[in-house]
Amino acid sequence: MTSTGRSTNQSTRDRNLFKDTIWLGGMHDGYPQVPFSEYCEPRITDENKSNPRKCAALTQSHLTFGLLESVMRIRVPESVLLRKEDGDRVVITSDNLRQLLRDWQYRIREAGNTDYSRQWAVDVHTTLTMAKRLLSLEFNSEISYFLRARLPQDDFHMILLQLASIGEALTEGQIAFPASVPPRPGISWSFVIMAVDLYRKQMKEAGWCPYLIRIMSESVCTLTYASTQRPFLRGGLNMHSHCTRETCAANNINSDHYTNPHTTSACGCAYNHPPFFDVAELLSRGHIPVVQWNEAHHNFVVGTSSDTPYVAISHVWADGLGSTTEKGLPMCRINALVLVTQRFISNGAFWIDSLCVPEVRDLRKRAIGLMSKTYRDAQVVLVLDSGIRSCSVSAPREEKLLMVLSSGWMQRLWTLQEALLAKKLVFLFCDGTDTIDDLLPTQSDFDVIDTLLISLAAEVFRLTTYRRYSFMTDDGFTIADVIKCLGHRTTSKAEDETLAVSGLLNVNAAELVVLPPQQRIRSLLLAVGKIPSKIIFLAGEKLLDFGFSWAPSTLMGHSAFSQFEADANVTLTGLHADYAAIYFKNTVVDARQAIRLLIPEKEAYVEVNHGSDPFECNAVLLSSPLKPWEFVIGVAVLVTGADASGNRLVCKYQNRFTFLSKGLGKEEQPEKEISRIQAKGGIMRVRLV
């Protein structure tokens, strides 16, 4: 039995890539193997064309067997995936799909680094791109075969999820091709989850947090697995009743009404705390205080981190361990901390903010300035999280990964730095401990393309990147690394953001903590100096400071950020960068009309629609060059002239848009008044102010 009481067989079934799904009866066997684009031709009959359900059945077979055979270059008979149930109902199951994926990877490796293998990789990507497009068409009510077949909604949604799961597994499987294969654009299948509410509805009814559901919706396989598991509910079934897709309210705390629960409801033990003077004196001298419990004298002994090996505790205040040096913690909590830290350090020396960070403002600032060093110098960083501790260390690895991924600890701002800087990161489960490396997929998992494990571990693996790769550069983490890692992190104190990540960027937190909170992002960006030019395309509020109207007011919540090249320079007078751009005459954009920018050399146009206050612009900076019928993010700017050097155009940031480039010969009928403006494309060297 697993820790959740399921049998091993049931657990194995639960971790399949998709749930058993109705098979509509598409005929696959008995036809020759053909390329994906030709799969339907020999199977189409006059009866199929006139029968919506048979058309839907053929589409399901096309995007299942047709896709698998084309990508894997083998025959896949119906018996491998289809199973007959009682009452002649036939379902498609993923029981044997993992073995198919293993065999596929084995054959790729057998092919070696050859022209055949490289062409195979190109063909796979082309086929997957085609399959994704066909699946996306099933959301169009005018041409969707599934909708025209009038399937029950749950059956329709399950089929879409089944098809997306196969697509995602094959997309992940492309890692098996040789490293010499040129990288191809990523293919995401999560658009199905965004449109299909089935799993999300089931999970919300089971008590899952809407914010967590949104995070896990970035992977079809992850959400499918999570929907089979019970969430940890610290505060009962209604724990997440006030949570939204944007934030988990259950992890936010109100310091004015904060209390420390005892380890048991029957306990009423007294509080204890380290000697305030000892902690304050060490912090005043720039040292990190660590504490040891002296059982004989029933008090704390305070030492310095430089003299005493110690364990640093990483936790979230929502679990009840928050406090300050002056107040301390209940003795039952202290005894539990001593007991667990003695597993790693015989004398039980440890650091925890609740005992080692005073409430006194000046001392607190000093402790925050030392925070990155505190976690970097610890022998072990131990994660204490109530959700993770609800799981057994002997549970299946995917279950443990899900508990880490869905934990409050994984969502909070400060714990990012604490994890990344750790020499050794350890998680406490209910009956033992695992290091982060124990949880991550092994090479054998990659060898067999364990799509679920790889998907679940992606965010957790990111916590090891600083330790694994920081030795390769003197620059530590880049600002792009930090933005990516902060994609799903939140905090109750927005002013702490830069303080919590500065250590990763080799910026002194002690210099930031003395600044007014509204100046910290600006100062952090100036201290970093070189940043990705695409930072201007991040959504959300911007700074109001001159020279920084392009800068995000927060680095959190931008999970889609993907550029890592630091190709722009931050200066006191603006951002120096180069962009693909469209430029045109001065134009006022407002809610009354749409602006169509006609670009003759591209034989295309883009449309600017705006629904709020009007603004003036004469150029649009693009996140990538325009391509027909592809979405691209753009920033409207107002060019005011050249800078003093004459090498750059001074631009004022105005607004952010998403554009779709369309052919000039196929202009669509407008929904409101249109203003057509001639424009040109090119590269602009700018100083954004």
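Residues numbered from 1 in each chain as written. Predicted model: local features only at pLDDT ≥ 70, side-chain atom pairs only at ≥ 80, totals over all residues. Heavy atoms only, no water.

> Just to check I follow, could you spell out the overall build of the protein for this structure?
A tally of regular secondary structure across the protein gives 28 helices and 23 strands. Radius of gyration (C-alpha) of the protein: 28 Å, near the 26 Å computed for a compact globule of 689 residues. Based on the C-alpha atoms only, the size of the protein along its principal axes is roughly 90 × 75 × 50 Å. Burial statistics for the protein: of 689 residues in total, 53% are counted as buried. Partitioning the intrachain contacts of the protein with sequence separation of at least 6 by distance along the chain shows that 73% fall at a separation of at least 24. Surface accessibility of the protein: about 30,600 Å² in total, with carbon and sulfur atoms responsible for 51%. Distance between charge centroids for the protein: 2 Å, based on 72 positive and 74 negative side chains. (Helix = DSSP H or I, 4+ residues; strand = E, 2+ residues; numbered from the N terminus. Rg over C-alpha atoms; globule rule 2.2 N^0.38 Å. Buried < 20%, exposed > 50% of the residue type's maximum accessible area, 1.4 Å probe, protein only. Contact = heavy atoms within 4.5 Å. Areas by Shrake-Rupley, 256 points an atom, 1.4 Å probe, with all protein chains shown as cover. Lys, Arg positive; Asp, Glu negative; His and termini not counted. Charge placed at Lys NZ, Arg CZ, Asp CG, Glu CD.)

> Help me understand unusual backbone geometry in this model?
Leave glycine aside and you will find that most residues have negative phi; peptide bonds, for their part, are mostly trans. Although it is not a glycine, Arg 73 adopts a positive phi angle of roughly 60°. Tracing the sequence through the fold places Arg 73 in the loop between α3 (52-72) and α4 (78-81). We classify Arg 73 as partly exposed; its relative accessible area is 30%. The backbone of His 298 shows a phi angle near 55°, a positive value even though the residue is not glycine. Mapped onto the secondary structure, His 298 falls in the loop between β5 (289-294) and β6 (299-304). In this structure His 298 comes out as partly exposed when scored by relative accessible area, which is 45%.

> Which parts of the structure should I look at to understand the pattern of salt bridges?
Should their charged atoms come close, side chains of opposite charge can pair. Counted according to the given criterion, the structure contains 17 salt bridges. Note that Glu 281 is salt-bridged to Arg 285, the shortest N-O span being 2.5 Å. According to the relative accessible area criterion, Glu 281 is partly exposed, its value standing at 29%. On the basis of relative accessibility, which here comes to 49%, the residue Arg 285 falls in the partly exposed class. (Salt bridge = Lys/Arg side-chain N within 4 Å of Asp/Glu carboxyl O.)

> What should I look at first to understand the side chain of Ser 323 in this one?
In this fold, Ser 323 is placed in the loop between β7 (311-315) and β8 (329-330). A polar atom in the side chain of Ser 323 sits 2.6 Å from the backbone oxygen of Gly 328. (Polar contact = N/O pair within 3.5 Å; in protein donor to acceptor, adjacent residues only side chain to side chain.)

> Before we go on, may I ask you to explain the sheet that holds strand β2 (residues 82-84) in this structure?
By way of backbone hydrogen bonds, the strands of a sheet pair with one another, either parallel or antiparallel. Taken in spatial order, the 3 strands line up as β1-β3-β2 in an open sheet, and their pairing is antiparallel. Here the strands that pair on one side only, and so sit at the sheet edges, are β1 (21-22) and β2. Across 2 bridges, the pairing between β1 and strand β3 (residues 90-92) is antiparallel. Note that in β3 the partner of Thr 21 across the bridge is Ile 92. (Pairing = 2+ DSSP bridges.)

> Explain the environment of Arg 109 here, please?
By secondary structure assignment, the location of Arg 109 is in helix α5 (residues 97-111). With 286 residues separating them along the chain, Arg 109 and Ala 395 place their C-alpha atoms 32 Å apart.

> How should the nonpolar core be read in this particular structure?
Across soluble globular proteins, nonpolar side chains have a tendency to be buried as a group. Trp 550 and Leu 688 are the most contacted members of the largest nonpolar core, which has 189 residues in total. At 10 residues, helix α8 (residues 153-173) tops the list of elements feeding residues into this core. If sequence neighbours within four positions are ignored, Leu 688 has contacts with Ile 536, Gly 547, Trp 550, Thr 573, Gly 574, Leu 575, Tyr 579, Leu 621, Val 637, Cys 651 and Tyr 653. Among the nonpolar cores identified, the runner-up in size contains 18 residues, and Ala 580, Ile 595, Val 620 and Val 632 belong to it. (Core = buried A, V, L, I, M, F, W, Y, C linked by side-chain atoms within 4.5 Å.)

> Even after reading the chapter, I still don't get the pairing of β7, so can you show me in this structure?
A large share of β7 lies buried, amounting to 5 of its 5 residues. Bridge count between β7 and strand β9 (residues 350-351): 2 bridges; the pairing is parallel. Along β9, the bridge assignment pairs Val 311 with Phe 350. Sheet analysis places β7 next to strand β10 (residues 380-384), joined by 5 bridges and oriented parallel.

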